[in-house]
Amino acid sequence: MITVRRILIREEYCMGCKLCEINCVAAQVGTGNLIKIYRYVPELPEPNVIVEEHDYITFALQCRNCDDPSCLKACMTGAMHRDPETGAIKVNQEKCVGCWMCVMACPFGAVRRSTKEKKVASKCDLCIDRGTPACVEGCPNEALVLVEVRG
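On a predicted model such as this, the values are computed, not experimentally measured, just so you know. (Residues numbered from 1 in each chain as written. Predicted model: local features only at pLDDT ≥ 70, side-chain atom pairs only at ≥ 80, totals over all residues. Heavy atoms only, no water.)

**Some words on helix α1 (residues 19-29)**
Because each turn of an α-helix spans 3.6 residues, side chains separated by three or four positions end up pointing in the same direction. Here is the rule: With a 1.4 Å probe rolled over the protein chains alone, any residue whose accessible area is under 20% of its type maximum counts as buried; one over 50% counts as exposed, and the rest are partly exposed. Helix and strand definitions follow DSSP, with helices as H or I runs of at least four residues and strands as E runs of at least two, each counted in order from the N terminus. Throughout, a contact is declared for two residues whenever any of their heavy atoms are within 4.5 Å.
When α1 is considered as a whole, its buried residues turn out to be C20, E21, N23, C24, V25 and A26. Against α2 (34-40), β2 (50-54), β3 (57-61), α5 (134-138) and β8 (144-150) lie the buried residues of α1.

What follows is the structure, given as structure tokens:
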């Protein structure tokens, strides 16, 4: 049995500041300086977490690393796969052919088409190389919380 990391979203604490998005981009670029990345990095990656807003409700949307992931079942090439060590759902961008079945299958809308690489799927990778995901670390209201569950 694997311990799977998931990000718990507590929308009652989310104030829509989008610092989770900014910290996600900063982590991908590899810098902790949030101001300088927007000034000095010419081509920024997309955030893997997106803040959704509707009326007075805001919440961060990213991959839930489902127990029974429909994106994984829908992927015809095996590009969408579960990491055997961490249990995280990942995208092998070399295998992705851009059929978008994973995008259509995800019930949360957490898998998107990359706007940078037009043919590949994009989703949260839980910052596996870091200890704590950047979005969780950077959330001032603790609306995002990292939990570990037995999968």
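Following the structure, the description resumes.
**Considerations on the environment of E85**
Examined against the element boundaries, E85 turns out to sit in the loop between β4 (80-82) and β5 (89-91). Considered as a pair, E85 and T3 are 82 residues apart in the sequence and their alpha carbons are 8.9 Å apart.

**Let's talk about the environment of C135**
Along the polypeptide, C135 turns up in helix α5. Measuring from C-alpha to C-alpha, the distance between C135 and M101 comes to 26 Å, with 34 residues separating the pair along the chain. When neighbours within four sequence positions are excluded, C135 is seen to be in contact with I7, C20, V49, Q62 and L144.

**Digging into the environment of P84**
On the secondary structure map, P84 appears in the loop between β4 and β5. Its relative accessible area of 63% is what places P84 among the exposed residues.

**Some remarks on the pattern of salt bridges**
For side chains bearing opposite charge, pairing can occur when the charged atoms are close. Definition in use: The term salt bridge refers to a side-chain nitrogen of Lys or Arg lying within 4 Å of a carboxyl oxygen of Asp or Glu.
Summed over all chains, the structure comprises five salt bridges. One salt bridge connects R6 with D67, and the closest N-O pair in it is separated by 2.4 Å. You can see R6 sitting in strand β1 (residues 3-9) and its partner D67 sitting in the loop between β3 and α3 (70-74), a full 61 residues away along the chain. Using a relative accessible area of 17% as the deciding quantity, one classes R6 as buried. Taking relative accessible area as the criterion, D67 reaches 60% and is therefore assigned exposed. Across the pair K73 and D68 runs a salt bridge, and its minimum N-O distance is 2.8 Å. Relative accessible area serves as the criterion here: at 53%, D68 is assigned to the exposed category.

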